[in-house]
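Next come the chains, spelled out residue by residue.
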Amino acid sequence: MPKRPPLTPVVDALPETVPFVGPEAQERERGRPFRARIGANELSFGPSPKVIARMAEVARDQWMYCDPDNFDLKVATAAHLGVGVENIVIGEGIDGLLGLVARMYVGPGDAVVTSLGAYPTFNFHVASVGGRLVTVPYEQDRESLEGLLDAVRREKAPLVYLSNPDNPMGSWWEADEIDRFIAALPETTMLVLDEAYGELGPASALPAIDVSRPNLIRMRTFSKAYGLAGIRCGYAFGEAQVIRDFEKIRNHYGVSRMAQVAGEAALADQAWLAEVVAKVAAGRQRIASIANENGLKPLASGTNFVTIDCGGDGAFAARVMQGMLSRDVFIRKPMAPVLDRCIRVSVGLDHELDIFAEELPGVLAAARGN
């Protein structure tokens, strides 16, 4: 057996895993496509037509490397938020920025606090740097602010993660509660406030922008409301020194030229964003109605998906999800205890929600053994 160069101890100890099995992988395994792709919280309506036109205009320019400073997109984002360019960092979606934050603030053995069942990619990055994950159960289907704060203080954690609105439950806290949580954190703890769904939830859930706090990083993305999940582009904003610290380790050529152009064009078309927000709200209402018609309980959502309480345990919800997959409808479900009683359905196109409505009664009957 030939010898191989050794991995670092941290990486060598990690299991072989990925946070998500994508729908494409499932289609390859199944040997057929899904009829309705309503499980990954993508925006089926797509990006603004103006964004598509702008991307077509610059397609020929993709022979050039991207601007490693992401300058034009940083300027546009700063203007959109009303902050300075020095308060913005661009990354390969929120996922890429989370990886940088883990490297910046977490050493081997350090405690990192998050909610049990919250966005798993964050956990993946924490594990990759040798951090010790400390999880706090949800309370009434929301991330527990008091529980997170208690864990931070108890563990002297350098990093805590909170999403608002939340994935996978779709719940949210009002801005005044988030502000109180931020104010109560130790100065030595960095908060990552993931606002991936911020444009789609109640405006009252977003705190006023304050880039003076040195222990707060807020993250947003072009993947959700702007319909650009495929280009992998997001941004973080915060205190200027915190943002400068990203420069020490970020992948300066990680955000493609096309992504930078698309993000800038997306921010410029706020009229399209308003249309999307209205369409998503209508889609949430449609999913909730389908759930109610089938005796299930839809949870209030501030995102582009609806989490549905199936009224049983995790095993029953898993049967419902698998039943949908077998009928070529791609949905997902939370996996943590208590949360796992639910399925999660993304807002899709009308014909996709028609398929979901047609298939759900039969799936539920089969899951119940009727």
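Computed from a predicted model, the values in this text were never measured in an experiment. (Residues numbered from 1 in each chain as written. Predicted model: local features only at pLDDT ≥ 70, side-chain atom pairs only at ≥ 80, totals over all residues. Heavy atoms only, no water.)

(A) Geometry of helix α7 (residues 145-155). Buried residues of α7: L145, G147, L148, L149, A151 and V152, and no others. Those residues of α7 that are buried are in contact with β3 (111-115), β4 (132-136), β5 (159-163) and α8 (175-184). Trailing α7 by a residue or two, K156 shows a phi angle of about 50°, which is positive. (Buried < 20%, exposed > 50% of the residue type's maximum accessible area, 1.4 Å probe, protein only. Helix = DSSP H or I, 4+ residues; strand = E, 2+ residues; numbered from the N terminus. Contact = heavy atoms within 4.5 Å.)

(B) How the structure looks around the nonpolar core. If you look at the biggest cluster of nonpolar residues, it comprises 95 residues, and the most contacted ones within it are M219, F222, F246, I308 and V320. Apart from the residues within four sequence positions on either side, V320 is in contact with C310, I343, L360, V363, L364 and A367. Grouped together as the second largest cluster of nonpolar side chains are 20 residues, L145, L149, W173 and L193 included. (Core = buried A, V, L, I, M, F, W, Y, C linked by side-chain atoms within 4.5 Å.)

(C) Inspection of the packing of helix α5 (residues 93-105) against helix α6 (residues 120-128) at higher detail. It is the contact of α5 with α6, at a shortest axis distance of 9 Å, that shows an interaxial angle of 35°. The chirality of how α5 crosses α6 is right-handed. Together, D95, L98, G99 and A102 of α5 and T121, F122, H125 and V126 of α6 make up the contact between the two elements. The residue makeup of the contact of α5 with α6, split by class, is four nonpolar, three polar and one charged. (Axes fitted to C-alpha atoms, helices over the stretch in contact; angles between N-to-C directions. Left-handed = near helix turned anticlockwise from the far one by under 90°. Nonpolar A, V, L, I, M, F, W, Y, C, P; charged D, E, K, R; others polar.)

(D) Summary view of the packing of helix α12 (residues 314-326) against helix α13 (residues 350-367). Between α12 and α13, the shortest axis-to-axis distance is 9 Å and the interhelical angle comes to 135°. Taken together, α12 and α13 sit at an angle that is classed as oblique. Judged by the sense of rotation from one axis to the other, the crossing of α12 with α13 is right-handed. Residues F316, R319, V320, G323 and M324 of α12 lie in contact with α13, whose contacting residues are F356, E359, L360, V363, L364 and A367. (Parallel < 35°, antiparallel > 145°, perpendicular 65-115°, else oblique.)

(E) Examining unusual backbone geometry more closely. Geometrically, the link from N164 to P165 is a cis peptide bond, its omega value of -5° lying close to zero. By secondary structure assignment, the location of P165 is in the loop between β5 and α8. For R232, which is not a glycine, the phi torsion comes out positive at approximately 55°. For R232, the position within the fold is in the loop between β7 (216-221) and β8 (234-238). Under the relative-accessibility criterion, R232 is labelled partly exposed at 32%. We note that D328 has phi near 70°; this positive angle belongs to a residue other than glycine. Of note, D328 is situated in the loop between α12 and β11 (329-330).

(F) Representation of the sheet that holds strand β9 (residues 297-298). With antiparallel pairing, the three strands of this open sheet are ordered in space as β9-β10-β12. Lying at the two open borders of the sheet, with one neighbouring strand each, are β9 and β12 (342-346). Taken together, the five bridges between strand β10 (residues 305-309) and β12 define a ladder with antiparallel strand orientation. Looking at β12, one finds that I308 is bridged to I343. Running over the sheet, helix α11 (residues 270-293) touches β9, β10 and β12 and is turned about 15° from β10. (Pairing = 2+ DSSP bridges.)

(G) Spatial organisation of the pairing of strand β2 (residues 88-91). Burial along β2 is two-sided: the face carrying I88 and I90 and the face carrying V89 and G91 are both buried. One ladder, built from four bridges, connects β2 with β8; its direction is antiparallel. Its bridge partner being in β8, G91 is matched across the sheet by G234.

(H) Structural view of a nonpolar patch on the surface. Together, L7, V11 and L14 make up an exposed nonpolar region whose accessible area comes to about 240 Å². Examined against the element boundaries, V11 turns out to sit in helix α1 (residues 9-12). Looking at V11, the relative accessible area reads 37%, which means it is partly exposed. (Patch = residues over 30% accessible without salt bridge, like charges linked within 9 Å, V, L, I, M, F, W, Y side chains within 5 Å. Areas by Shrake-Rupley, 256 points an atom, 1.4 Å probe, with all protein chains shown as cover. Salt bridge = Lys/Arg side-chain N within 4 Å of Asp/Glu carboxyl O.)

(I) Main features of the sheet that holds β4. Spatially, the seven strands line up as an open sheet ordered β2-β8-β7-β6-β5-β3-β4, and their pairing is mixed. Here the strands that pair on one side only, and so sit at the sheet edges, are β2 and β4. Ignoring which end each strand starts from, the neighbouring axes of this sheet average 20° apart. For β3 and β4, the ladder comprises five bridges, and the chain directions are parallel. Bridging across to β4, V112 finds its partner in L133. The sheet strands contacting α7 are β3, β4 and β5, and the helix crosses β4 at an angle near 145°.

(J) Expanded view of the pattern of salt bridges. As enumerated under the stated definition, the model contains 19 salt bridges in all. For R35, the salt bridge goes to E359, with nearest N and O atoms at 2.8 Å. Taken together, the positions of R35 in the loop between α2 (23-30) and β1 (36-37) and E359 in helix α13 put the pair 324 residues apart, joining distant regions of the chain. Given the relative accessible area of 38%, R35 is considered partly exposed. The class for E359 is buried, based on a relative accessible area of 14%. Of the charged contacts in the structure, one is a salt bridge between R341 and D309, with a shortest N-O distance of 2.9 Å.

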